[in-house]
Structures are given as structure tokens and as C-alpha cells.
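Letter by letter, the chains look like this.
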Amino acid sequence: MSELRGPELGDVSRRSNADHDLSHLYAAVVSARVAERLGRGTRPPGGGPRNNGDRLTTALVAYTTALEGYALPVPPVIRDELRLRLALP
């Protein structure tokens, strides 16, 4: 059995803390988007669809804040989606 090194693992050991933080936060955004899409058209007790929207807004805010904290640009798609969501009542 051969050992996996370097490019096969995506150089995980060379990734910075920013990479780890941002990948975790982006995964939360993707997960919240999926939950919101799956929740559309259904009305579970407890106001599920609005909670999924709030979850996505929270994930977008956290991701945007982290990007700005690491002095990285916020992708226009993320910035615009967050701006639209924050404008919703």
C-alpha cells in the first residue's frame, strides 16, 4: 500500500488557519443553502422556512466577516446575496 503525500491530499499540511476557517464557514453557507432549498414549499411546524433563511443569512454574515478579517475580497455573488437577504423584512 502506498502512502498518499503532496498533491494527492491537496497539501493539507500546508494549508493556513485562514484556509481551514474559511472552508468550514463556506461549508456552513452551502449547507444552509441546501436546507433552505429543501425547505421551500413545505410548512413544517415552528416556522421552518424562515428559520432556514435566517440560518443562511447568519452563515453568509459569518463567512463575509471572516473574509474581511483576513483582508480577503468578498466575492460579488456572496456580497450581493447577503445585501439582498439583509434587506428582506
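Provided above is the structure to which this section pertains.
Structural notes, computed from the coordinates.

Thresholds, definitions, all that
Residues numbered from 1 in each chain as written. Predicted model: local features only at pLDDT ≥ 70, side-chain atom pairs only at ≥ 80, totals over all residues. Heavy atoms only, no water. Helix = DSSP H or I, 4+ residues; strand = E, 2+ residues; numbered from the N terminus. Buried < 20%, exposed > 50% of the residue type's maximum accessible area, 1.4 Å probe, protein only. Contact = heavy atoms within 4.5 Å. Expected span 1.5 Å × (residues − 1). Salt bridge = Lys/Arg side-chain N within 4 Å of Asp/Glu carboxyl O.

This brings us to the side chain of Arg-33. Among the secondary structure elements, Arg-33 is positioned in helix 1 (residues 17-39). Judged by its relative accessible area of 16%, Arg-33 is buried. In this structure Arg-33 touches Tyr-26, Leu-56, Leu-60, Ile-78 and Glu-81, once residues within four positions along its chain are discounted.

So, about helix 1. With 23 residues, helix 1 extends 33 Å between its outermost C-alpha atoms, agreeing within 8% with the 33 Å of an ideal straight helix rising 1.5 Å per residue. Three or more residues of helix 1 are buried, namely Ala-18, Leu-22, Val-29, Ala-32, Arg-33, Ala-35, Glu-36 and Gly-39.

Before going further, it helps to examine the environment of Asn-52. Relative to the assigned elements, Asn-52 resides in helix 2 (residues 48-69). The residues contacting Asn-52, other than those within four sequence positions of it, are Ala-35, Glu-36 and Gly-39.

Attention now moves to the pattern of salt bridges. In total, this model carries five salt bridges according to the counting rule given. Asp-80 serves as the salt-bridge partner of Arg-83, at 4.0 Å between the closest nitrogen and oxygen. Of this pair, Arg-83 and Asp-80 are both found in helix 3 (residues 76-87), three residues apart, which corresponds to roughly one turn of the helix. Measuring nitrogen to oxygen at the nearest pair gives 3.7 Å for the salt bridge that ties Glu-81 to Arg-85. Placement of the pair is Glu-81 and Arg-85 together in helix 3, with a separation of four residues, close to one helical turn. Arg-85 matches Glu-81 in its accessibility class, with the two residues each being buried. A single salt-bridge network, built from bridges that share partners, covers Arg-33, Glu-36, Glu-81 and Arg-85.

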